[in-house]
Structure formats: structure tokens, C-alpha cells
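Each chain, written out:
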Amino acid sequence: MKKYTNISDIKNFPKAIQEAIQLKKNPLEFSALGKHKTLGLLFFNSSLRTRLSTQKAALNLGMNPIVMNVSGDAWGIEFEDGTVMNGSTAEHIKEAAAVVSQYCDVIAVRAFPTLTDKEKDETEQVLKSFVKYASVPIVNMESATAHPLQGFTDAITITEHKKNNKPKVVLSWAPHTKALPHAVANSFVNAMQNMDVDFVMTHPKGYDLNPEIVGNTPVIYNQADALKDADFVYAKNWSSYSDYGKVLKTDSDWMITKEKLGDAKFMHCLPVRRNVVVEDAVLDSENSLVIQQANNRTFAAQWVLKTILSNL
Ligand code: CP
């Protein structure tokens, strides 16, 4: 594997899940693999889990992680070709990516969408520019349209906690006060499409994800119908894709409650707004897997870094 920008970069997904679960049992088994190798983590946006778990994964492999909050601390980066750079940007991505490649053996990047310019967001300009102009492998720590480290984590968590061979997994839209990206939902859909699960999505009308990602995955617009007999309920908010970046619904009808959840396990990528997305009674119950998910972020990242290091 030369890069990890999407779930599809993992060629044998079930095997990768099992290998990540093995890494979790002995996290320091490959602590010599990354010796004298540097991971650069570049954040254009905020993070708690991705930042710490990816550093932890690198440390478990013996790598040296170095972190930069690009938006706050670096020179403003220009991504357009042929621009007369007499505005706010001071450095072109051609130099920036090439320079960071001198210091790092692997570069991980987080860059969220604008949610105002659909066409631009779908070009994945920041992530793809790093892939194009860096001379080292790139890892996606959440881009405009994908969060593959999260999707891989979620697949690991479901595999660990499933009680039958083909669990029913429901991705349910849930309310939020702000316009949120589609990346987590997209990568969760990608991950579930690569697993042996009975997978359905539920969301209000107007919240359909990119049809190219949804493919043949069933969409049920009635949340109660979708949640029936669920083994796992994955809650996530996202803004409208068709009415791009808009918040069409904020009332609490779609919030996940203990009553709606029943005996199912609850999942969310975090951070989560309590009593907006999901009620306290769910997050504080034994049915919640959100902390186990957050823990698995380390082993998803570790599998990715280990695989990349093995191919350097
Ligand atoms: N789930 C997730 O990516 O968390 P952070 O935004 O805190 O990294």
C-alpha cells in the first residue's frame, strides 16, 4: 500500500480487520519497524482522536511523529495552479509538499470540506495535491469526502462486538445544530459495503448521500422501521448533499434514545453533542461502544502505518 486515502486502498478488508485486531493484542510487536522513520501529521482542522491515536500508532511502531496545525501556524498555502500569488497565500503546495517530504517518511493530512462549494470539495484539492506533490506516502486523516481511518475503526469495532455471523447494522442520521461534512458517513458506508453485514441507512428526505457512494445500500426513510431488530446503530449527522451543506432539520425527532436503541449497540465517531444527537441514557449505558471505537482508532492507524512502512 503506497497511500491510504480511501477504504478502497485496503485490498483485503476482512483480512486487514483481523490483522488490526491482532495488533491490538500486542501493540508493540512491530516497534522496530518504524525506527528512524518520521510521520508528519498536518492539521488544517481541529482534532482530538485522530491527532492522538495516529501519534500513538506511530509511537507503537517506533516512529517519530511530528505535528503541525497548518491553518494556524504555517504560511498560507496556495493550491491553485498558475496563480499570481499577490494575495493572502505565501507558499505554493508544490514547494510545501515537497519540503515536508524532506522531513517525513509518511505524511498524514486532515482537511475538511468548505460545504459551500460542492464541485471544489469533490475534487479533494488539498488531499490530492499532497498525493501529487509529496514524494512520500499520504494518509487521509479526514478529507472533504472521506474519513477512512474512522471507517476502518468502525469495521474493527463491529467485528469485535458482533454476536452473530451477519449482524444488522443501521446508519442513522441524527440531528445537529451545525452543518457537518459527509466524510464519516461516506466512509462508514464504504466499510459496511466491504463487510458481511445486513446494512441499511435511515435519514430524513433531503439527506441522501452521494448516490455513487450509496450504490445499492437500502435507504429507509422511516427511522423506526429501519431500527427494527438492529444489532448496531451508528448515529451520525451530516448536512444535505443535494442542497449542498444546508441544515434542513434540527428538531429532536431523529435523536437516538434508549427506547429507540432497544438492545442494539450504539456507535458514534465522536465528538458527539449529548441530548442533541443522542440522549445521555444511551451514551451512559453499557450498550454504548463509543469509547471502544475511539480506542480502536489507534489500531486502525497502526495497521495502515505498518502496511505503508512495510512497502517503503
Ligand atoms: N472521530 C474523529 O475523527 O475525531 P476527531 O475529529 O477528534 O479527530
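Residues numbered from 1 in each chain as written. Predicted model: local features only at pLDDT ≥ 70, side-chain atom pairs only at ≥ 80, totals over all residues.

Named according to an unreviewed UniProt entry, the chain is N-succinylornithine carbamoyltransferase originating from Hwangdonia lutea. Quoted verbatim from the Catalytic activity (unreviewed entry) heading of the UniProt record, the comment on the chain is "N(2)-succinyl-L-ornithine + carbamoyl phosphate = N(2)-succinyl-L-citrulline + phosphate + H(+)". If you open the UniProt record of the chain and go to Function (unreviewed entry), you find "Catalyzes the transfer of the carbamoyl group from carbamoyl phosphate to the delta-amino group of N(2)-succinyl-L-ornithine to produce N(2)-succinyl-L-citrulline. Is essential for arginine biosynthesis." (UniProt positions renumbered as here; feature names shortened; annotations may be inferred.)

Asker: It is not clear to me how the UniProt feature "binding site: N(2)-succinyl-L-ornithine" (unreviewed entry) in the chain should be interpreted in this structure. Could you clarify?
Answerer: Residues annotated in UniProt with the feature "binding site: N(2)-succinyl-L-ornithine" (unreviewed entry) correspond here to Glu 142, His 176, Lys 236 and Arg 273. Tracing the backbone shows Glu 142 in the loop between strand E6 (138-140) and helix H7 (148-161). When near neighbours in sequence (up to four residues on either side) are disregarded, Glu 142 contacts Thr 50, Arg 110, Phe 112, His 147 and Ala 183. Along the polypeptide, His 176 turns up in the loop between strand E7 (168-173) and helix H8 (183-193). (Helix = DSSP H or I, 4+ residues; strand = E, 2+ residues; numbered from the N terminus. Contact = placed C-beta atoms within 7 Å.)

Asker: It is not clear to me how the site of the ligand should be interpreted in this structure. Could you clarify?
Answerer: The ligand sits among Ser 47, Leu 48, Arg 49, Thr 50, Glu 142, Gln 150, Cys 269, Leu 270 and Pro 271. Residue composition of the shell around the ligand, by class: four nonpolar, three polar and two charged. Counting contributing residues, the shell around the ligand receives three or more from each of domain 1 (7-146 + 297-309) and domain 2 (148-293). (Near = placed C-beta within 6 Å. Nonpolar A, V, L, I, M, F, W, Y, C, P; charged D, E, K, R; others polar. Domains from an automatic or database assignment.)

Asker: Help me out: how do you make sense of the UniProt feature "domain: Aspartate/ornithine carbamoyltransferase Asp/Orn-binding" (unreviewed entry) in the chain in this one?
Answerer: The feature "domain: Aspartate/ornithine carbamoyltransferase Asp/Orn-binding" (unreviewed entry), as annotated in UniProt, sits at residues 184-306 in this numbering. When the span residues 184-306 is considered, its composition is 36% helix and 12% strand, and the gap between its end C-alpha atoms is 23 Å.

Asker: Sorry, what's going on with the nonpolar core here?
Answerer: Grouped burial of nonpolar side chains is what soluble globular proteins tend to show. Ranked by internal contacts, the top residues of the largest apolar core, which has 92 residues, are Ile 107, Val 109, Val 233, Ile 256, Val 278 and Leu 305. Two domains each provide a minimum of three residues to this core, namely domain 1 (7-146 + 297-309) and domain 2 (148-293). With sequence-adjacent residues up to four places away left out, Val 278 is seen in contact with Ala 174, Ala 235, Met 255, Ile 256, Phe 266, His 268, Val 272 and Leu 283. (Core = buried A, V, L, I, M, F, W, Y, C linked by C-beta atoms within 7 Å. Buried ≥ 20, exposed ≤ 12 C-beta atoms within 10 Å, placed from the backbone.)

Asker: I would appreciate a short explanation of the sheet that holds strand E8 (residues 198-202) in the present structure.
Answerer: Across a sheet, paired strands are connected by hydrogen bonds in the backbone, their directions being either parallel or antiparallel. Strands sit in the order E9-E8-E7-E10-E11 across an open sheet of five strands; the sheet is parallel. Of all the strands in the sheet, just strand E9 (219-220) and strand E11 (265-267) have a single pairing partner and so form its edges. Here strand E10 (residues 232-236) pairs with E11 via three bridges, running parallel. Looking at E11, one finds that Phe 232 is bridged to Lys 265. (Pairing = 2+ DSSP bridges.)

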